[in-house]
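Fold and geometry: a report
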Amino acid sequence: MPTKHYSKRFIAGLKRIYLIALPLMLVVVLLANNALLDAYYSYFYTRAQRQVVDEVTQHWRQRGQLPARAGVRYRPLPPGTAPYAYYTEQYTELGAPHSGIWYVATATKGREVVEVTVYKQLATASGEPTAGIVLGAVAASLLLFLGLSWLLFQFSLKRVSFNLWQPFYQNLRRVNAFNLRDKQPLVLAPTDVREFVFFNEAITGFVANTQRAYDELREFTENTAHELQTPLAVVLAKTELLLKRPALDARDRQDVLEIKQTVQRLSALQKALNLLSRVRALHHAGPLPAEPVAVDELLAETLTRYEELLDYRALTVAWGGPAPPWELSTNRELLGILLDNLVRNAIQHNLPGGRLGVQLLPAGGLELRNTGVAPATADPDPFRRYHSRSTDDGRLGLGLAIVQAISETLGLACRYQFEPEGAGVWHVFTLTSR
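Residues numbered from 1 in each chain as written. Predicted model: local features only at pLDDT ≥ 70, side-chain atom pairs only at ≥ 80, totals over all residues. Heavy atoms only, no water.

1. Comments concerning the overall build of the protein
- Assigned secondary structure in the protein consists of 9 helices and 11 strands.
- Counting every position in the protein, which comprises 434 residues, the buried fraction comes to 35%.
- Nonlocal contacts in the protein, meaning residues at least 24 apart in sequence, comprise 65% of its contacts between residues at least 6 apart.
- Entry remark: accessible area of the protein is about 26,900 Å², with carbon and sulfur atoms responsible for 59%. (Helix = DSSP H or I, 4+ residues; strand = E, 2+ residues; numbered from the N terminus. Buried < 20%, exposed > 50% of the residue type's maximum accessible area, 1.4 Å probe, protein only. Contact = heavy atoms within 4.5 Å. Areas by Shrake-Rupley, 256 points an atom, 1.4 Å probe, with all protein chains shown as cover.)

Structure, rendered in structure tokens:
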């Protein structure tokens, strides 16, 4: 990304960092170079000279006289002088052959003390440092400078990334926390990066259009649900009054009865579509109020409401073996609608005198199965809208679509499969947490 896309204040901050850091790096390199050279002369360069002092001391103690060696001189010291050792750099005029390091240490034999000075050449004949010292100093300085430069680069890179992407992550958190039901516009953090400005404008416009469409759809759904109920109720009441007239002949009575059934079906369809639309809107509108719910107890209450219909169709309900109760923290009203639709579907699609089984799963979940006829296709999708025929016993074909919508809203998974069972099949619905 070109640097002109960054804010001027941000670029100025980076310049200040480099203007301050580079001189400091040079000072640190020089100080470190001197310290390394001192350490080299103290511990490595003078190692041979220290060894000469040890050899001289050992020779003196064994043979009683100081050996004559090139580059070594002696100076007697008063008895009882405390031992010491040091090195010093002595340079004379350029070209002096004796410019170099003088290592001075004491040697003792009994009470006698002698100062031993060992000379080691440090300079060439022209008085310049040797090539090894120069190359070592340059190499150490270069490595240290490269290391500090790499650390400065990493620091600058992290600072660039942090300052550049900080508005992006702030806006990402705001987008994730945005809720259509709050009716509040999405406000994003400002940024000086041009690409992020374009992205924020696109996101803000998209969310505004989505919120407007959501509000219009919700208003349309609410108005439709409210306005259609009254005329449907009026038409239904009028047909009932017509059916009560004694002068109505059999053919007209049959026609009015069909109108009444159609109006009832239309009213039920309108309620189901309204419920499905509301559930879909809740799914995309944020978290719902939740409370602890025992799913098995809620299912038992639902089956109790359908006892008369179960007896009328001679259906047998069997609960499975013992299993731990399945408890969820969820919306009780929506979960009740889900279980009601599953139970009603199991009754409607069951065989006369058939069976209905309930089994709690050990890992948490619920299995509801019912006997019935084999599906028409090998891979049926009962959750599709209008899966059942619209003329089949007044069924709407929306019950399982509502089940799927509520499952997605509550974070549950509802799966379907069928198993052969005698002349028919078992239709098995399994409800689990995601």
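Don't stop here, the text continues.
2. Brief notes about the packing of helix α6 (residues 295-305) against helix α8 (residues 332-348)
- Between α6 and α8, whose axes approach to 10 Å, the crossing angle comes to 50 degrees. With respect to α8, the axis of α6 lies oblique. By crossing handedness, the relation of α6 to α8 is classed as right-handed. Every residue of α8 that contacts α6 at V295, L298, L299, E301, T302, L303 and R305 is listed here: R332, L335, G336, L339, D340 and V343.
- Classifying every residue of the contact of α6 with α8 by side-chain character gives 7 nonpolar, 2 polar and 4 charged. (Axes fitted to C-alpha atoms, helices over the stretch in contact; angles between N-to-C directions. Parallel < 35°, antiparallel > 145°, perpendicular 65-115°, else oblique. Left-handed = near helix turned anticlockwise from the far one by under 90°. Nonpolar A, V, L, I, M, F, W, Y, C, P; charged D, E, K, R; others polar.)

3. Notes on the sheet that holds strand β9 (residues 366-372)
- An order of β6-β8-β9-β11-β10 is seen for the 5 strands of this open sheet, with the pairing classed as mixed. Looking at the sheet topology across the chains shown, the edges are occupied by β6 (316-319) and β10 (412-421). Averaged over all adjacent pairs, the angle separating strand axes in this sheet is 15 degrees, with direction ignored.
- One ladder, built from 10 bridges, connects β10 with strand β11 (residues 424-433); its direction is antiparallel. Among the inter-strand pairings, L412 is bridged to a residue of β11, identified as S433. (Pairing = 2+ DSSP bridges.)

4. Some points on helix α2 (residues 47-63)
- Given a rise of 1.5 Å per residue, 17 residues ought to cover 24 Å, and the 24 Å separating the end C-alpha atoms of α2 matches this to within 8%.
- All of the buried residues in α2 are Q49, V52, V53, V56, T57, H59 and W60. Along the axis of α2, the buried positions cluster into a sector of 165 degrees, meaning they face one direction only. The exposed residues of α2 that point more than 90 degrees off its buried face are D54, R61 and Q62.
- Of the residues trailing α2, G64 is marked for its positive phi of about 80 degrees. (Expected span 1.5 Å × (residues − 1). Arc of directions from axis to C-beta.)

5. Overview of a negative patch on the surface
- There is a patch of like negative charges on the surface, built from D249, D252, D255 and E258.
- Note on placement: D252 falls in helix α5 (residues 250-283). (Patch = residues over 30% accessible without salt bridge, like charges linked within 9 Å, V, L, I, M, F, W, Y side chains within 5 Å. Salt bridge = Lys/Arg side-chain N within 4 Å of Asp/Glu carboxyl O. Lys, Arg positive; Asp, Glu negative; His and termini not counted. Charge placed at Lys NZ, Arg CZ, Asp CG, Glu CD.)

6. Describing the pattern of salt bridges
- Across all of its chains, the model carries 8 salt bridges by this definition.
- By sharing partners, the salt bridges in this structure join R305, D340 and R344 into a single network.

7. Comments concerning α6
- The complete set of buried residues in α6 reads V295, D296, L298, L299, T302 and L303. Down the axis of α6, the buried side of the element spans an arc of 160 degrees, and every buried residue falls inside it. In α6, the exposed residues that point more than 90 degrees away from the buried face are E297 and R305.

8. Regarding the environment of Q229
- Examined against the element boundaries, Q229 turns out to sit in helix α4 (residues 194-243).
- Linking Q229 and S267, residues 38 residues apart in sequence, is a C-alpha distance of 7.3 Å.
- Not counting residues up to four positions away in its chain, the partners in contact with Q229 are S267, Q270 and K271.

9. Describing the nonpolar core
- L335, L339, L342, L366 and L431 are the most contacted members of the largest nonpolar core, which totals 39 residues.
- The greatest single-element share of this core, amounting to 8 residues, is contributed by α8.
- If we ignore the near neighbours within four places in the chain, the residues touching L431 are W326, L338, L339, G365, L366, S407, L412, A413 and C414.
- Residues V52, V56, Y103 and V118 belong to the second largest nonpolar core, which totals 11 residues. (Core = buried A, V, L, I, M, F, W, Y, C linked by side-chain atoms within 4.5 Å.)

10. Structural notes on unusual backbone geometry
- Even without a glycine there, the phi angle at A314 is positive, about 55 degrees.
- In this fold, A314 is placed in the loop between α7 (307-312) and β6.
- When its relative accessible area of 47% is taken as the criterion, A314 is described as partly exposed.

11. Some points on the confidence of the model for the protein
- Summary statistics for the protein give a mean pLDDT of 78 and a share of 81% for residues scoring 70 or more.
- Element-level mean pLDDT values for the protein span from 72 in helix α1 (residues 8-45) up to 91 in strand β1 (residues 72-77).
- Counted against residues more than four places away or in other chains, residues 93-97, with its pLDDT under 50, gives 9 contacts.
- Low confidence marks residues 387-394, where pLDDT is under 50. Its contacts with residues over four positions away, or in another chain, come to 10 contacts. (pLDDT = per-residue confidence, 0-100.)

12. Section: the packing of α8 against helix α9 (residues 399-410)
- As a packed pair, α8 and α9 sit with axes 9 Å apart at the nearest point and diverge in direction by 150 degrees. Between α8 and α9, the crossing angle belongs to the class labelled roughly antiparallel. The crossing of α8 and α9 is left-handed. Only G399, L400, I402, V403, I406, S407, T409 and L410 of α9 make contact with α8, whose side of the interface consists of L334, L335, I337, L338, N341, L342 and N345.

13. Section: the pairing of strand β7 (residues 327-330)
- Only one face of β7 is buried, namely the one carrying L328 and T330, since none of E327 and S329 on the opposite face is buried.
- In terms of strand pairing, strand β5 (residues 291-294) meets β7 through 4 bridges, oriented antiparallel. Looking at the pairing, E291 lines up with T330 of β7.

14. Thoughts on the side chain of N345
- Of note, N345 is situated in helix α8.
- The buried category is assigned to N345, whose relative accessible area is 12%.
- Contact partners of N345, with chain neighbours within four places excluded, come to L400 and F429.

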